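Structural features, examined
Take a look at the letters that make up each chain.
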Amino acid sequence: MSHHYSGPDFSFPHGDARLDFTDLYAFPKPGDTGKSILIMNVHPSAGENPPGPTTTEPFAPEALYELKIDTDGDAVADIAYRVRFSAFERGAQTATLRRVDGPQAAVTGDGGRVIVEGATVSIGREARITQAGNTRLFAGWRSDPFFCDVEGAKNKLQFTGDDFFADKDVCSIVLEVPNSALGAKEVRLWARTLTPGDGGAWIQVERGARPAQAVILVEERDAYLAGEPAHDGRFLAGFAHALEHTGGYSPAEAKRVAGTLLPDVLPYDSTRPARFPDNGRTLTDDAFDSFIRIMTNGKVTEDKVGPHGDLLIDFPYVGPPHQSPVIKAPHETTAMQNQT
(Lines give C-alpha, C1' and ligand atoms only; values in the text may rest on other atoms or scores of the structure.)
Protein backbone atom coordinates (compact mmCIF):
# COMPACT_ATOMS: atom_id res chain seq x y z
CA MET A 1 0.00 0.00 0.00
CA SER A 2 1.02 3.65 -0.32
CA HIS A 3 -0.74 5.69 2.36
CA HIS A 4 -4.03 3.87 1.73
CA TYR A 5 -5.85 2.28 4.67
CA SER A 6 -3.81 4.02 7.38
CA GLY A 7 -6.43 3.45 10.08
CA PRO A 8 -6.29 0.53 12.54
CA ASP A 9 -6.00 -2.90 10.89
CA PHE A 10 -5.95 -1.42 7.37
CA SER A 11 -9.19 0.48 7.90
CA PHE A 12 -9.86 4.17 7.24
CA PRO A 13 -9.06 7.00 9.67
CA HIS A 14 -12.11 7.57 11.86
CA GLY A 15 -13.84 4.96 9.69
CA ASP A 16 -14.30 7.52 6.88
CA ALA A 17 -12.76 6.75 3.48
CA ARG A 18 -13.10 10.41 2.45
CA LEU A 19 -10.50 11.36 5.08
CA ASP A 20 -7.95 8.77 3.95
CA PHE A 21 -4.95 10.50 2.37
CA THR A 22 -3.34 8.14 -0.13
CA ASP A 23 -0.56 9.81 -2.14
CA LEU A 24 1.30 13.05 -2.77
CA TYR A 25 2.96 13.95 -6.09
CA ALA A 26 5.03 16.95 -7.18
CA PHE A 27 6.68 17.43 -10.56
CA PRO A 28 7.44 20.17 -13.12
CA LYS A 29 4.66 20.75 -15.61
CA PRO A 30 5.48 18.82 -18.80
CA GLY A 31 6.39 21.29 -21.52
CA ASP A 32 6.57 24.27 -19.14
CA THR A 33 9.27 24.07 -16.49
CA GLY A 34 8.18 27.43 -15.09
CA LYS A 35 5.18 25.74 -13.47
CA SER A 36 4.68 22.83 -11.09
CA ILE A 37 1.98 20.21 -10.60
CA LEU A 38 0.97 19.25 -7.06
CA ILE A 39 -1.41 16.31 -6.53
CA MET A 40 -3.01 15.22 -3.27
CA ASN A 41 -5.04 12.01 -3.52
CA VAL A 42 -7.60 10.92 -0.95
CA HIS A 43 -10.61 8.60 -0.62
CA PRO A 44 -9.92 5.17 -2.16
CA SER A 45 -12.92 3.76 -4.00
CA ALA A 46 -12.54 0.39 -2.31
CA GLY A 47 -11.74 -0.63 1.25
CA GLU A 48 -9.75 -3.49 2.76
CA ASN A 49 -11.33 -3.58 6.23
CA PRO A 50 -14.18 -3.94 5.70
CA PRO A 51 -13.78 -4.95 2.04
CA GLY A 52 -15.98 -3.42 -0.61
CA PRO A 53 -16.77 -0.11 -2.29
CA THR A 54 -16.73 3.16 -0.40
CA THR A 55 -19.18 6.05 -0.70
CA THR A 56 -19.61 7.77 -4.08
CA GLU A 57 -19.54 11.18 -2.33
CA PRO A 58 -16.07 12.45 -3.28
CA PHE A 59 -15.05 14.73 -0.41
CA ALA A 60 -16.28 15.30 3.14
CA PRO A 61 -17.91 18.76 3.36
CA GLU A 62 -17.10 19.01 7.07
CA ALA A 63 -13.40 18.27 6.48
CA LEU A 64 -10.38 20.37 5.58
CA TYR A 65 -7.89 19.14 2.98
CA GLU A 66 -4.51 20.83 3.19
CA LEU A 67 -1.21 20.87 1.31
CA LYS A 68 1.73 22.22 3.33
CA ILE A 69 4.92 23.77 1.94
CA ASP A 70 8.09 24.31 3.97
CA THR A 71 10.39 26.81 2.25
CA ASP A 72 13.32 27.01 4.69
CA GLY A 73 14.00 23.41 5.73
CA ASP A 74 12.66 23.48 9.29
CA ALA A 75 9.72 21.13 8.57
CA VAL A 76 7.27 23.89 9.55
CA ALA A 77 4.83 25.15 6.92
CA ASP A 78 5.46 28.60 5.41
CA ILE A 79 2.72 28.23 2.77
CA ALA A 80 -0.54 26.27 2.93
CA TYR A 81 -3.15 25.53 0.29
CA ARG A 82 -6.49 24.69 1.92
CA VAL A 83 -9.51 23.15 0.21
CA ARG A 84 -13.04 22.95 1.57
CA PHE A 85 -16.00 21.35 -0.18
CA SER A 86 -19.71 22.03 -0.26
CA ALA A 87 -22.32 19.50 0.74
CA PHE A 88 -22.89 16.78 -1.86
CA GLU A 89 -26.37 17.61 -3.16
CA ARG A 90 -28.20 16.21 -6.21
CA GLY A 91 -24.99 14.52 -7.30
CA ALA A 92 -22.93 17.71 -7.29
CA GLN A 93 -20.22 19.25 -5.12
CA THR A 94 -18.05 22.38 -5.36
CA ALA A 95 -14.59 23.30 -4.04
CA THR A 96 -13.08 26.45 -2.55
CA LEU A 97 -9.30 26.84 -2.58
CA ARG A 98 -7.51 29.21 -0.19
CA ARG A 99 -3.86 30.08 0.33
CA VAL A 100 -2.08 31.14 3.51
CA ASP A 101 1.45 32.56 3.72
CA GLY A 102 3.81 33.15 6.62
CA PRO A 103 3.37 32.09 10.24
CA GLN A 104 -0.37 31.51 9.79
CA ALA A 105 0.42 28.66 7.36
CA ALA A 106 1.63 26.61 10.33
CA VAL A 107 -1.54 27.30 12.30
CA THR A 108 -4.53 24.99 12.08
CA GLY A 109 -7.56 26.67 10.53
CA ASP A 110 -9.58 27.00 7.33
CA GLY A 111 -9.00 30.69 6.67
CA GLY A 112 -6.84 32.28 3.99
CA ARG A 113 -6.98 34.25 0.78
CA VAL A 114 -9.53 32.79 -1.64
CA ILE A 115 -7.91 31.66 -4.89
CA VAL A 116 -10.79 29.67 -6.40
CA GLU A 117 -14.40 29.58 -5.23
CA GLY A 118 -17.26 27.37 -6.41
CA ALA A 119 -15.15 25.10 -8.62
CA THR A 120 -17.12 22.13 -9.93
CA VAL A 121 -16.01 18.77 -8.56
CA SER A 122 -15.68 16.14 -11.29
CA ILE A 123 -17.91 13.14 -10.71
CA GLY A 124 -17.70 11.36 -14.06
CA ARG A 125 -15.01 10.81 -16.67
CA GLU A 126 -14.89 14.41 -17.88
CA ALA A 127 -12.26 16.48 -16.05
CA ARG A 128 -13.83 19.75 -14.90
CA ILE A 129 -10.97 22.26 -14.61
CA THR A 130 -11.13 25.72 -13.05
CA GLN A 131 -8.58 28.46 -13.66
CA ALA A 132 -8.15 31.61 -11.58
CA GLY A 133 -5.23 33.81 -12.60
CA ASN A 134 -2.10 31.65 -12.84
CA THR A 135 -3.58 28.79 -10.78
CA ARG A 136 -5.48 25.80 -12.15
CA LEU A 137 -7.52 23.48 -9.94
CA PHE A 138 -9.02 20.07 -10.48
CA ALA A 139 -10.91 18.14 -7.81
CA GLY A 140 -12.84 14.91 -8.25
CA TRP A 141 -12.83 11.21 -9.03
CA ARG A 142 -9.88 9.83 -11.01
CA SER A 143 -8.25 6.49 -11.72
CA ASP A 144 -5.91 5.70 -8.83
CA PRO A 145 -2.37 6.09 -10.23
CA PHE A 146 -0.74 4.11 -7.42
CA PHE A 147 0.38 0.60 -8.39
CA CYS A 148 1.22 -2.24 -6.04
CA ASP A 149 0.71 -5.97 -5.47
CA VAL A 150 -1.22 -5.62 -2.21
CA GLU A 151 -1.94 -9.33 -1.76
CA GLY A 152 1.71 -10.13 -2.25
CA ALA A 153 2.64 -7.55 0.36
CA LYS A 154 0.24 -9.18 2.81
CA ASN A 155 1.57 -12.65 1.93
CA LYS A 156 5.08 -12.20 3.35
CA LEU A 157 6.21 -10.24 0.25
CA GLN A 158 5.55 -13.15 -2.10
CA PHE A 159 4.77 -10.98 -5.12
CA THR A 160 3.02 -12.21 -8.26
CA GLY A 161 2.59 -8.89 -10.09
CA ASP A 162 -1.15 -8.64 -9.41
CA ASP A 163 -1.91 -4.90 -9.27
CA PHE A 164 -4.68 -4.37 -6.71
CA PHE A 165 -5.15 -0.76 -7.84
CA ALA A 166 -5.43 -1.41 -11.59
CA ASP A 167 -9.22 -0.99 -11.54
CA LYS A 168 -9.54 1.29 -8.48
CA ASP A 169 -10.39 4.97 -8.27
CA VAL A 170 -9.42 7.79 -5.95
CA CYS A 171 -10.34 11.43 -5.42
CA SER A 172 -7.67 13.87 -6.61
CA ILE A 173 -6.95 17.49 -5.77
CA VAL A 174 -4.62 18.77 -8.49
CA LEU A 175 -2.97 22.19 -8.55
CA GLU A 176 -0.97 23.85 -11.29
CA VAL A 177 0.99 26.80 -9.93
CA PRO A 178 3.92 28.93 -11.11
CA ASN A 179 7.16 27.93 -9.44
CA SER A 180 7.33 31.37 -7.86
CA ALA A 181 4.23 30.44 -5.84
CA LEU A 182 6.22 27.75 -4.03
CA GLY A 183 8.24 30.39 -2.20
CA ALA A 184 11.68 28.85 -2.79
CA LYS A 185 13.59 26.75 -5.30
CA GLU A 186 13.85 23.85 -2.87
CA VAL A 187 10.82 23.05 -0.72
CA ARG A 188 9.45 20.19 1.35
CA LEU A 189 5.82 19.14 1.01
CA TRP A 190 3.26 17.14 2.94
CA ALA A 191 -0.52 16.75 3.01
CA ARG A 192 -3.08 16.32 5.75
CA THR A 193 -6.82 15.97 6.38
CA LEU A 194 -8.68 17.42 9.35
CA THR A 195 -12.18 17.27 10.82
CA PRO A 196 -13.96 19.42 13.42
CA GLY A 197 -13.64 18.21 16.97
CA ASP A 198 -15.45 19.07 20.15
CA GLY A 199 -15.82 22.81 20.58
CA GLY A 200 -15.16 23.45 16.90
CA ALA A 201 -11.39 22.94 17.01
CA TRP A 202 -9.83 21.14 14.06
CA ILE A 203 -8.45 17.64 14.62
CA GLN A 204 -5.79 16.27 12.26
CA VAL A 205 -6.71 12.70 11.35
CA GLU A 206 -4.22 12.02 8.54
CA ARG A 207 -0.91 13.35 7.29
CA GLY A 208 2.04 12.23 5.26
CA ALA A 209 4.17 12.54 2.16
CA ARG A 210 6.25 9.41 1.65
CA PRO A 211 4.38 6.24 0.61
CA ALA A 212 3.91 3.06 2.66
CA GLN A 213 5.89 3.92 5.78
CA ALA A 214 2.92 5.22 7.79
CA VAL A 215 1.08 1.96 7.11
CA ILE A 216 3.95 -0.48 7.65
CA LEU A 217 6.67 1.02 9.88
CA VAL A 218 4.73 3.15 12.37
CA GLU A 219 4.31 1.68 15.85
CA GLU A 220 2.45 4.65 17.39
CA ARG A 221 -0.10 5.08 14.62
CA ASP A 222 -2.48 7.59 16.20
CA ALA A 223 0.33 9.82 17.46
CA TYR A 224 2.07 9.68 14.09
CA LEU A 225 -0.98 10.56 12.01
CA ALA A 226 -1.83 13.43 14.37
CA GLY A 227 1.76 14.68 14.46
CA GLU A 228 3.80 17.32 12.64
CA PRO A 229 6.94 16.69 10.57
CA ALA A 230 8.93 19.05 12.79
CA HIS A 231 8.44 16.59 15.67
CA ASP A 232 9.06 13.37 13.74
CA GLY A 233 12.30 12.75 15.60
CA ARG A 234 10.25 11.13 18.35
CA PHE A 235 9.38 8.29 15.96
CA LEU A 236 12.97 7.56 14.97
CA ALA A 237 13.45 4.76 17.52
CA GLY A 238 10.20 3.06 16.47
CA PHE A 239 11.12 3.20 12.78
CA ALA A 240 14.59 1.83 13.54
CA HIS A 241 13.11 -1.00 15.62
CA ALA A 242 10.76 -1.95 12.77
CA LEU A 243 13.61 -1.88 10.22
CA GLU A 244 15.72 -4.20 12.38
CA HIS A 245 12.93 -6.78 12.06
CA THR A 246 11.90 -6.23 8.43
CA GLY A 247 15.38 -5.85 6.96
CA GLY A 248 17.76 -7.43 9.42
CA TYR A 249 19.59 -4.16 9.89
CA SER A 250 22.01 -3.71 12.76
CA PRO A 251 20.73 -1.24 15.39
CA ALA A 252 23.12 1.48 14.24
CA GLU A 253 22.32 0.99 10.55
CA ALA A 254 18.58 0.81 11.24
CA LYS A 255 18.77 4.17 13.02
CA ARG A 256 20.69 5.69 10.11
CA VAL A 257 18.19 4.41 7.53
CA ALA A 258 15.22 5.52 9.67
CA GLY A 259 16.73 9.00 9.64
CA THR A 260 16.40 9.09 5.84
CA LEU A 261 12.64 8.49 6.14
CA LEU A 262 11.96 11.21 8.69
CA PRO A 263 10.68 13.85 8.80
CA ASP A 264 7.83 12.57 6.64
CA VAL A 265 8.07 15.18 3.87
CA LEU A 266 8.54 15.13 0.11
CA PRO A 267 11.60 17.16 -1.03
CA TYR A 268 11.03 19.03 -4.28
CA ASP A 269 13.27 21.28 -6.36
CA SER A 270 11.22 22.72 -9.22
CA THR A 271 14.34 23.39 -11.32
CA ARG A 272 15.30 19.70 -11.56
CA PRO A 273 13.51 16.71 -13.11
CA ALA A 274 11.30 14.92 -10.61
CA ARG A 275 12.20 11.42 -9.49
CA PHE A 276 11.20 9.73 -6.25
CA PRO A 277 12.64 9.59 -3.63
CA ASP A 278 15.28 12.24 -4.37
CA ASN A 279 13.17 14.99 -5.88
CA GLY A 280 9.37 15.11 -5.89
CA ARG A 281 7.38 12.23 -7.30
CA THR A 282 5.87 11.62 -10.73
CA LEU A 283 2.82 9.50 -11.47
CA THR A 284 5.02 6.77 -12.96
CA ASP A 285 7.66 6.59 -10.20
CA ASP A 286 7.66 3.15 -8.58
CA ALA A 287 7.50 4.42 -5.02
CA PHE A 288 6.51 1.07 -3.54
CA ASP A 289 9.53 -0.70 -5.00
CA SER A 290 11.70 2.05 -3.55
CA PHE A 291 10.17 1.46 -0.14
CA ILE A 292 10.39 -2.34 -0.12
CA ARG A 293 14.08 -2.16 -1.03
CA ILE A 294 14.61 -0.06 2.08
CA MET A 295 12.28 -2.11 4.25
CA THR A 296 13.93 -5.42 3.36
CA ASN A 297 17.51 -4.10 3.17
CA GLY A 298 17.65 -5.04 -0.50
CA LYS A 299 16.46 -8.61 -0.03
CA VAL A 300 13.30 -7.85 -2.06
CA THR A 301 13.65 -5.32 -4.88
CA GLU A 302 10.31 -5.25 -6.70
CA ASP A 303 6.67 -6.30 -6.61
CA LYS A 304 6.55 -6.91 -10.39
CA VAL A 305 3.92 -4.18 -10.95
CA GLY A 306 4.43 -1.16 -13.24
CA PRO A 307 2.76 2.21 -13.90
CA HIS A 308 -0.78 2.43 -15.17
CA GLY A 309 -1.48 3.10 -18.84
CA ASP A 310 -4.41 5.49 -18.41
CA LEU A 311 -2.47 8.61 -17.38
CA LEU A 312 -3.10 11.82 -19.32
CA ILE A 313 -0.50 13.95 -21.12
CA ASP A 314 -2.15 17.18 -19.96
CA PHE A 315 -3.75 18.60 -16.83
CA PRO A 316 -4.93 17.02 -14.53
CA TYR A 317 -2.63 14.13 -15.65
CA VAL A 318 -4.42 11.46 -13.57
CA GLY A 319 -6.65 9.33 -15.78
CA PRO A 320 -10.45 9.20 -15.83
CA PRO A 321 -12.21 7.06 -13.23
CA HIS A 322 -13.16 3.47 -13.93
CA GLN A 323 -16.60 3.95 -12.37
CA SER A 324 -18.71 6.80 -13.77
CA PRO A 325 -22.03 7.25 -11.98
CA VAL A 326 -24.82 8.85 -13.98
CA ILE A 327 -25.77 12.03 -12.15
CA LYS A 328 -27.28 15.42 -12.73
CA ALA A 329 -24.77 17.83 -14.27
CA PRO A 330 -23.07 20.04 -11.67
CA HIS A 331 -23.72 23.78 -11.58
CA GLU A 332 -21.29 26.00 -13.43
CA THR A 333 -18.73 27.96 -11.45
CA THR A 334 -19.10 31.66 -10.90
CA ALA A 335 -18.02 34.10 -13.58
CA MET A 336 -14.89 35.07 -11.68
CA GLN A 337 -13.21 31.87 -12.92
CA ASN A 338 -12.80 30.48 -16.43
CA GLN A 339 -14.04 26.87 -16.52
CA THR A 340 -13.00 24.43 -19.21
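Before going into details, it helps to say that this report is about the structure given with it. (Residues numbered from 1 in each chain as written. Predicted model: local features only at pLDDT ≥ 70, side-chain atom pairs only at ≥ 80, totals over all residues. Heavy atoms only, no water.)

**Quick word on helix α6 (residues 287-295)**
Heads up, the rule is: Between buried and exposed lies partly exposed: a residue is buried under 20% and exposed over 50% of the maximum accessible area for its type, with that area taken using a 1.4 Å probe on protein chains only. Each helix corresponds to a stretch of at least 4 residues labelled H or I by DSSP, and each strand to a stretch of at least 2 residues labelled E; elements are numbered beginning at the N terminus. What makes two residues a contact is simply this: any of their non-hydrogen atoms within 4.5 Å.
The buried fraction of α6 is high, at seven of nine residues. Every buried residue belonging to α6 is among A287, F288, D289, S290, F291, I292 and M295, and all of these are buried. Among the structural elements, α1 (150-154), α2 (213-216) and α4 (236-247) are those in contact with the buried residues of α6. Immediately downstream of α6, the backbone of N297 shows phi near 60°, a positive value.

**Notes on the packing of α4 against helix α5 (residues 251-261)**
What counts, and what does not: For helices, the axis comes from a line fit to the C-alpha atoms of the stretch in contact; other axes are also lines fit to C-alpha atoms, and the angle between any two N-to-C directions lies between 0 and 180 degrees. Here the word oblique covers every angle except those under 35 degrees (roughly parallel), over 145 (roughly antiparallel) and from 65 to 115 (roughly perpendicular). Here is the rule for handedness: rotate from the far helix to the near one, and if that takes an anticlockwise turn smaller than a right angle the crossing is left-handed, while a clockwise turn gives right-handed. Each residue receives one of three labels: charged for Asp, Glu, Lys and Arg, nonpolar for Ala, Val, Leu, Ile, Met, Phe, Trp, Tyr, Cys and Pro, and polar for the others, Gly being one of them.
Here α4 crosses α5 at 120°, and the two axes come no closer than 8 Å. Comparing their axes, α5 and α4 come out oblique. Crossing geometry of α4 relative to α5 is assigned as right-handed. Together, L236, F239, A240, L243 and E244 of α4 and P251, A254, K255, V257, A258, G259 and L261 of α5 make up the contact between the two elements. Taken together, the residues of the contact of α4 with α5 break down into nine nonpolar, one polar and two charged.

**Some points on the pattern of salt bridges**
Defined as follows: Salt bridges are counted wherever a side-chain nitrogen of Lys or Arg sits within 4 Å of a carboxyl oxygen of Asp or Glu.
Taken as a whole and assessed by the stated rule, the structure comprises 22 salt bridges. Among the salt bridges present, the one from D110 reaches R84, with a minimum N-O distance of 2.7 Å. Pair noted here: D110 is in the loop between β7 (94-101) and β8 (113-120) and R84 is in strand β6 (residues 79-85), with a separation of 26 residues, a long-range link. Note that R99 is salt-bridged to D101, the shortest N-O span being 2.7 Å. Salt bridges here are not isolated pairs; linked through shared partners, they connect E66, K68, R82, R192 and E228.

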